Amino acid sequence: MWIVVLVVLCCGGLVVYPSWGSVFGDDDSARVPPPTATERNDTVPILRRAFESQGICYGWRLEDGYGSDDAVSVGSNLGDGIPVGGNPQCPRWVEVVAAVTYTAESSEAEDYASVTVQGSPDFEPSDLILVNTGLSRFDLNDDAFVDDPGWAVTRAAVTLPLLVAERGAASPEPVDTAAAPADPAPLKDAGSDLWRDRWGWLIGAAALLLITVLLVTVGLVQRRRQSSVAATVPAQRRKGTTRTPEKA
């Protein structure tokens with residue numbers, strides 16, 4: 001009898017034990033935070049411009065790797081919450097998929113992330129792998145996804161158009177030649193550098209030269225006057241001292 005009771009209790013304990021964590025709160029693992037509204041709203045217009053220039057849909061998908069089937073966040077050039085994979089509006093598409101796993105604090109396992117780049121069948125698998133590898137150039141490694149998954153996944157999404165264009169799978173964004181400004185009119189002659197840089201000194205020198213010429217002219221005129229006066233006075237003196245002859 002006691003053996004049967006012990007067997008029943010052991011079997012019940014095995015059934016109930018896995019659910020203790022959810023009942024008593026032993027599962028203290030954090031959940032993956034989604035991108036903020038600002039991050040999503042800033043990302044969608046960038047992806048939309050890339051689609052208009054390249055004809056490729058770009059998007060992101062963030063998943064909670066801790067046994068969750070639903071995505072934490074999805075988005076694309078079509079808008080927030082709209083995926084690109086299998087969307088009839090996107091015959092050609094590329095998206096970054098990040099699955100982030102946060103382990104319980106009581107666990108010895110570390111948090112980790114798995115990041116892949118997926119695309120429509122017309123893309124070569126090797127190109128998608130190289131695009132995925134290129135994310136590290138923008139510091140979008142596994143640690144970045146673990147530390148800030150929302151920022152990292154949206155940041156990775158906006159780098160996809162550049163990385164895809166580098167692989168030659170899409171043309172870079174074309175330059176709008178119609179909006180290019182016309183050639184600027186040639187500038188007027190700026191004149192001599194000597195005059196532009198030293199005009200103050202030249203004006204001062206010219207003024208001194210004019211003053212010098214004026215002083216010399218005045219001096220010459222005064223000197224001539226003095227010479228004329230000096231020549232007239234002796235003549236007058238000689239005329240005044242001349243004696244008349246005495247009569248006999």
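Bear in mind that the values here come from a model prediction, so they are computed numbers and not experimental data.

**A word on unusual backbone geometry**
At Asp-139, a residue that is not glycine, the phi angle is positive and equals roughly 60°. Mapped onto the elements, Asp-139 comes out in the loop between α4 (125-134) and α5 (142-147).

**Describing the side chain of Thr-103**
If you trace the backbone, Thr-103 turns up in the loop between β4 (93-101) and β5 (112-119). Polar contacts involving the side chain of Thr-103 include one to the main-chain carbonyl oxygen of Ala-109, which spans 2.9 Å.

**Description of helix α6 (residues 149-166)**
With 18 residues, α6 ought to run about 26 Å at 1.5 Å a step, and its terminal C-alpha atoms sit 25 Å apart, in line with that. At Thr-159, α6 shows its largest kink, close to 35°, and the proline Pro-161 lies no more than four residues downstream. Looking only at α6, the buried set comprises Pro-149, Gly-150, Ala-152, Val-153, Thr-154, Ala-156, Ala-157, Thr-159, Leu-160, Pro-161, Leu-163 and Val-164. Contacts from the buried residues of α6 go to α3 (37-54), β1 (57-64), β4, β5, α4 and α5. Two residues or fewer after α6 comes Gly-168, characterised by a positive phi angle close to 80°.

**Side note on the sheet that holds β1**
One open sheet accounts for five strands, arranged β3-β2-β1-β4-β5; its pairing is mixed. Strands with a single pairing partner mark the edges of an open sheet, and in this sheet they are β3 (79-80) and β5. With eight bridges connecting them, β1 and β4 associate as parallel partners. Residue pairing in the sheet places Glu-63 in a bridge with Ala-99 of β4.

**Some remarks on the pattern of salt bridges**
All chains considered together, the criterion is met by six salt bridges. Note that Asp-64 is salt-bridged to Arg-31, the shortest N-O span being 3.9 Å. With Asp-64 in strand β1 and Arg-31 in the loop between α2 (20-24) and α3, this pair connects stretches of sequence that are 33 residues apart. Given a relative accessible area of 6%, Asp-64 falls into the buried group.

**Looking at the pairing of β5**
With burial as the criterion, only one face of β5 is covered, namely that bearing Ala-113, Val-115, Val-117 and Gly-119; the residues Tyr-112, Ser-114, Thr-116 and Gln-118 on the opposite face remain uncovered. Pairing of β4 with β5, which is carried by eight bridges, proceeds in the antiparallel orientation. When the bridges of β5 are listed, Glu-95 appears paired with Gln-118.

**Description of the environment of Val-131**
One can find Val-131 in helix α4. In the structure, Val-131 is positioned 30 residues away from Pro-161 in sequence and 9.7 Å away in space, judged by C-alpha atoms. Once residues within four sequence positions are removed from consideration, Val-131 is found in contact with Val-117, Leu-160, Leu-163, Val-164 and Arg-167.

**Considerations on the pairing of strand β2 (residues 71-76)**
Regular strands have side chains that alternate between both faces of the sheet. Alignment of β1 against β2, held across five bridges, turns out to be antiparallel. Each bridged residue has a counterpart across the sheet, and for Arg-61 the counterpart in β2 is Val-74. Bridging between β2 and β3 involves two bridges; their strand directions are antiparallel. Among the inter-strand pairings, Ser-76 is bridged to a residue of β3, identified as Gly-79. Counting the residues between successive antiparallel strands, the hairpin from β2 to β3 contains two residues.

The rules behind these values
- Residues numbered from 1 in each chain as written.
- Predicted model: local features only at pLDDT ≥ 70, side-chain atom pairs only at ≥ 80, totals over all residues.
- Heavy atoms only, no water.
- Helix = DSSP H or I, 4+ residues; strand = E, 2+ residues; numbered from the N terminus.
- Polar contact = N/O pair within 3.5 Å; in protein donor to acceptor, adjacent residues only side chain to side chain.
- Expected span 1.5 Å × (residues − 1).
- Bend = angle between axes of the 7 residues up to and from the residue.
- Buried < 20%, exposed > 50% of the residue type's maximum accessible area, 1.4 Å probe, protein only.
- Contact = heavy atoms within 4.5 Å.
- Pairing = 2+ DSSP bridges.
- Salt bridge = Lys/Arg side-chain N within 4 Å of Asp/Glu carboxyl O.

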